[in-house]
Amino acid sequence: QVQLVESGGGLVQAGGSLRLSCAASGTIFSVNLMAWYRQIPGKQRELAASISSSNKTNYADSVKGRFTISRDDAKKTVYLQMNSVKPEDTGVYFCYVIVAYDSSLRTYQWWGQGTQVTVTS
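Within each chain, residue numbers correspond to sequence positions counted from 1 in written order. The predicted nature of this model means local features are confined to residues of pLDDT at least 70 and side-chain atom pairs, given and counted, to a pLDDT of 80 or more, with totals for whole chains, interfaces and linings taken over all residues. With hydrogens and water excluded, all non-hydrogen atoms of the structure serve as input to the side-chain values.

Before going further, it helps to spend a moment on the nonpolar core. Buried Ala, Val, Leu, Ile, Met, Phe, Trp, Tyr and Cys residues form a nonpolar core when they are joined through side-chain atoms within 4.5 Å. Only protein chains enter the area calculation, which uses a 1.4 Å probe; residues under 20% of their type maximum are buried, those over 50% are exposed, and those in between are partly exposed. Core analysis: the biggest nonpolar cluster contains 28 residues, and Leu20, Trp36, Ile69, Val78, Leu80, Met82 and Tyr93 have the highest contact counts within it. Elements represented by at least two residues in this core include exactly strand E1 (2-7), strand E3 (18-26), strand E4 (30-39), strand E5 (46-52), strand E7 (67-72), strand E8 (77-82), strand E9 (91-100) and strand E11 (115-120). Those residues in contact with leucine 80 that sit more than four places away from it in its chain are Leu18, Arg19, Leu20, Trp36, Ala49, Phe67, Thr68, Ile69 and Tyr93. Each helix is a run of H or I in the DSSP string that is no shorter than four residues. Each strand is a run of E no shorter than two, and both are numbered from the N terminus. Here, two residues are considered to be in contact whenever any of their heavy atoms come within 4.5 Å of each other.

Structure representation (structure tokens):
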């Protein structure tokens with residue numbers, strides 16, 4: 001009963017910037033964690049960045065220093081600011097959230113449909 005709407009993907013030149021957004025809606029009592037995974041062609045899906053409810057962040061070594069993840073609790077939205085992008089960043093980026101539906105705080109996981117990011121050399 002949770003919908004994740006991703007936006008911001010597209011074509012960008014190497015060295016440029018891109019900002020991805022993921023807005024969560026539906027039956028949500030609390031959002032425990034929000035993250036961005038990515039599917040690089042020929043590779044398994046991997047975690048790019050995550051942010052907890054306490055704003056603790058975690059980044060893959062390959063993106064650390066270039067990407068920044070943030071969240072807006074009022075909008076139930078997570079962002080991924082991608083700076084100094086490289087061709088190797090090309091792939092499909094998926095929003096991922098862990099939410100609780102009610103005061104029981106039992107958690108559930110949801111994936112977005114993915115948004116394409118293409119970095120040209």
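Right, let's talk about the pattern of salt bridges for a bit. Basic side-chain nitrogens of Lys or Arg form a salt bridge, by our definition, when they fall within 4 Å of a carboxyl oxygen of Asp or Glu. On inspection of all chains with the given rule, the structure shows six salt bridges. Between aspartate 89 and arginine 66 there is a salt bridge, with the nearest N and O atoms lying 2.8 Å from each other. Of the two residues, aspartate 89 is situated in the loop between E8 and E9 and arginine 66 in the loop between strand E6 (57-59) and E7; the sequence distance between them amounts to 23 residues. There is no split in this pair, since aspartate 89 and arginine 66 are both buried.

Further remarks concern the sheet that holds E7. Remark on secondary structure: sheet strands pair via backbone hydrogen bonds, oriented parallel or antiparallel. Strand order in this open sheet of four strands is E1-E3-E8-E7, and the pairing throughout is antiparallel. A strand with exactly one partner marks an edge of an open sheet, and here the two such strands are E1 and E7. Neighbour-to-neighbour, the strand axes of this sheet turn through a mean angle of 15°, independent of strand direction. The pairing of E7 with E8 spans six bridges and is antiparallel. By the bridge assignment, arginine 71 is partnered in E8 with valine 78. Two strands qualify as a pair provided DSSP detects at least 2 bridges between them. Fitting a line to C-alpha atoms yields each axis, with helices limited to the stretch in contact; the angle taken between N-to-C directions then spans 0 to 180 degrees.

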